[in-house]
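# What the coordinates show
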Amino acid sequence: MRNILTIFNREFRSYFSSPIAYVVIGLFLVLTGVFFYLLTSSFLQYAANLQWQAARMRQPAPPVNVNHMIIRPLFSNISVITLFVVPMITMRSFADDKKTGTLELLLTSPVTTAHIVVGKFLAAFALYTIMALLTWVYPLVIVLFGDPDVLPVAIAYIGIIGMGAASVGIGVWISSMTENQIIAAMGTFVALLFLWLVGWFANFSSGAMGGFFQYLSIVEHFDDFAKGIFDTGHLMYYVSLCGITLFLAHQSIESLRWRS
Amino acid sequence: MIEIRNLTKRYGSFVAVDDISFDVDRGKILGFLGPNGAGKTTTMRIVTGFMPATKGTAVVAGYDVANDPIEVKSRIGYLPETPPLYVDMTVEEYLSFAARIKQIDGKAVPGAIESACEKVAIRDVQTKVIKTLSKGYKQRVGLAQAIIHDPEVLILDEPTIGLDPIQIKEVRELIKSLAGNHTIILSTHILPEVGMTCDEVVIIQKGKIIAKDTPDGLARSMRRSEKLTVVVEGPVEEVSAAATGTEGVVAILESSSQNGQCSLILECDFKHHVRKSLSNMFSEKGWSLIEMKVEESTLEDVFIHMMSGSGRAQS
């Protein structure tokens, strides 16, 4: 545990001693902010339209659902944007250590490979979580000026964080296989994109195959979270994907010792 | 302290290290000498637990690297060929990380950093970011990292590579000062380095040990003849002829004359008392002997001798 903490501390600080953390978080907040603005303004337009129509018909305006119209699509968008941002968080993870030779320090220190993998994963995951939670201002704006259900927002965040655990796991694993950060980032991006698009394949295939594709899709599992439905099955998917990828990262680092 | 037995490492069909065995006693410095690609780094990586051997064992302080890697790693300080530095960190941050990952207790970390920095003389750059340091300082930070947990064994892979002559001298002195408390294996392809710093030498080529001795012993054991420089006042032809006639002189390698003095470089048989007979002969002839000097054969000679394939394994 102490060893994991030592690795975690160093890794986590290194994100902030280079521009990476600031650039990634800034980029993420700008993108999500743009979506929030677009969703809110179209919602306002829609609501104004309804009110105008209702006034013309001399009827009371029908209620509009902010959860349905802003929060759900907002979190769907956030979940997709993370797919683009996660590769930037995880690309350095092992690739940089392999390139600069610091992996030799880690692997000849009295710590196990599992400590190293978990420490590095937790650092990237912590940065991801901070980044994702910084979007709290958007729901806050809605709470201040509207009357949304708050519980679905909390559930959506659980989904975002669960999805992050899985995608950061994938990123760390891919970073462990190369010493080139660009390749690590591209590889992670393609892998995440595949896990996103595979949900679309599901629409074109039928039967067991379609179900399988649907199950594989990382974003498909997020749909229920965005709707405010908490399903442990979806969380299990993320946790298992995270576990599997960290195991693979462990094996990939161990195999270095045999091959290099 | 370190026992290496029948160590072999294969990469596919390529044999990087071929059945090598040697020991290093406590407090000694062992020089690991060989051309690039001889298997030095591979051997060191096996001993440090970075990679496993195909066959054979490496035992450090009584622990087998293959069975108790954590025990071995906690007793070894390792400086790879490129110092493993996180260049974005300050020296202090980096050493603090190194200390913690090497299981130094949180409270003892500042003390450990201080004493390591003291030993390698980097107190003045302690708060600087590593990437702004010169190569020599980086090397010393790497060395500080290796000694921070006061390990019983130090493994240094080409510690003086890429440094300027003054830095090389400093690092060598530093390594020498560390011996005694630490058992050191040091690899190099620079010959004089071994003579200057090491108690013992292992010469390795193509993964095999071809010689194992003290630096002096090695130089002595391969020496069958010695080179003698002689400066005499007298005519060069006659002196040369007389010298050739002396028992034990094998050949004249060089001769020259200047201002009535001639200087010769002679190759002499080691067994005969050549110097005595030569000086007697010169005084009989009435030529005054200005200078006579034995050229010690250097490790350079040993190395070339061994590498040329004519050398036999010595132990």
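Before reading further, recall that the structure is shown in the block above.
A quick note: this is a predicted structure, and the numbers were derived from the prediction, not measured. Along each chain, the written sequence defines residue order, and numbers are assigned to residues from 1. In the order they appear in the text, chains get letters beginning with A and ligands get numbers beginning with 1. Residues qualify for local features only when their pLDDT is at least 70, as the model is predicted, and side-chain atom pairs are given and counted only at 80 or more; totals for whole chains, interfaces and linings, by contrast, use all residues.

## Looking at the environment of G228(A)
Helix numbers and strand numbers start at the N terminus; a helix is a DSSP run of H or I with at least 4 residues, a strand a run of E with at least 2. Structurally, G228(A) can be placed in the loop between α11 (222-227) and α12 (232-259). Between the alpha carbons of G228(A) and N67(A) there is a distance of 9.1 Å; along the sequence they are 161 residues apart.

## Considering the interface of chain A and chain B
Distance between backbone-placed C-beta atoms decides contact: two residues are in contact if it is within 7 Å. The interface is formed by 18 residues belonging to chain A together with 21 residues belonging to chain B. Looking at the side of chain A that touches chain B, the elements that each hand over two or more residues are α1 (2-17), α5 (102-107) and α12 of chain A. The leading source of residues in the side of chain A that touches chain B is α1(A), at five residues. Class assignment of the residues belonging to the side of chain A that touches chain B gives a composition of five nonpolar, 10 polar and three charged. Three classes are used: nonpolar for Ala, Val, Leu, Ile, Met, Phe, Trp, Tyr, Cys and Pro, charged for Asp, Glu, Lys and Arg, and polar for all others, with Gly counted as polar.

## Looking at the sheet that holds strand β7 (residues 153-157) of chain B
Residue and element names in this part refer to chain B. In this analysis, strands are considered paired if DSSP registers two or more bridges between them. Here we have six strands laid out as an open sheet, ordered β6-β7-β8-β3-β9-β10, and mixed in their pairing. Two strands bound the open sheet, and with one partner strand each, they are β6 (76-79) and β10 (208-213). This sheet shows a mean twist of 15° between the axes of neighbouring strands, independent of strand direction. Where strand β3 (residues 29-33) and strand β8 (residues 183-188) come together, five bridges link them in parallel fashion. Within β8, the position partnered with G31 by the bridge is L186. Strand contacts of helix α1 (residues 40-47): β3, β7, β8 and β9 (200-205), with the helix running at about 150° to β7, the strand carrying the most contacts. Running over the sheet, helix α5 (residues 135-147) touches β6 and β7 and is turned about 165° from β6. Geometry is summarised by axes, namely lines fitted to C-alpha atoms with helices restricted to the contacting stretch, and by angles between N-to-C directions that run from 0 to 180 degrees.

## Let's talk about the sheet that holds strand β1 (residues 2-11) of chain B
All names here are of chain B. Read across the open sheet, the four strands follow the order β2-β1-β4-β5; overall the sheet is antiparallel. With one partner strand each, in any of the chains shown, β2 (14-24) and β5 (63-64) form the two edges of the open sheet. When strand β4 (residues 55-60) meets β5, the two strands line up antiparallel, connected through two bridges. Counted as the bridge partner of V60 is Y63 from β5. Lying over the sheet, α1 contacts β1, β2 and β4, oriented at roughly 120° with respect to β1.

## Here's the deal with the pairing of strand β12 (residues 249-258) of chain B
Along any regular strand the residues' side chains alternate between the sheet's two faces. Residues and elements named next belong to chain B. Three exposure classes are used, all based on how many other C-beta atoms lie within 10 Å of a residue's own C-beta (placed from the backbone): buried at 20 or more, exposed at 12 or fewer, and partly exposed between those limits. Counting buried residues in β12 gives one out of 10 residues, a small share hidden from the surface. Of the strand pairs in this sheet, β12 and strand β13 (residues 261-269) are connected by eight bridges, and their pairing is antiparallel. Within the sheet, the bridge partner assigned to S256 lies in β13 and is S263. Following β12, the chain reverses through two residues before pairing antiparallel with β13; N259 in that reversal takes a positive phi of roughly 50°.

## Considering the packing of helix α3 (residues 66-90) of chain A against helix α9 (residues 181-204) of chain A
How two helices pack is summed up by the angle between their axes together with the distance between the axes. All names here are of chain A. Orientation of α3 relative to α9, taken along the N-to-C sense of each, is 150°, at an axis distance of 8 Å. With respect to their mutual orientation, α3 and α9 come out roughly antiparallel. Note on packing geometry: the crossing formed by α3 with α9 is right-handed. Contact with α3, carried on its side by L83, V86, P87, M88 and T90, involves A185, T188, F189, L192, L193 and W196 of α9 and no other residues of that element. A breakdown of the residues in the contact of α3 with α9 according to their chemical character gives nine nonpolar, two polar and no charged. Should an angle lie under 35 degrees it is considered roughly parallel, over 145 roughly antiparallel, and from 65 to 115 roughly perpendicular; all remaining angles are considered oblique. Take the far helix as your reference; a near helix turned counterclockwise from it by less than a right angle gives a left-handed crossing, and one turned clockwise gives a right-handed crossing.

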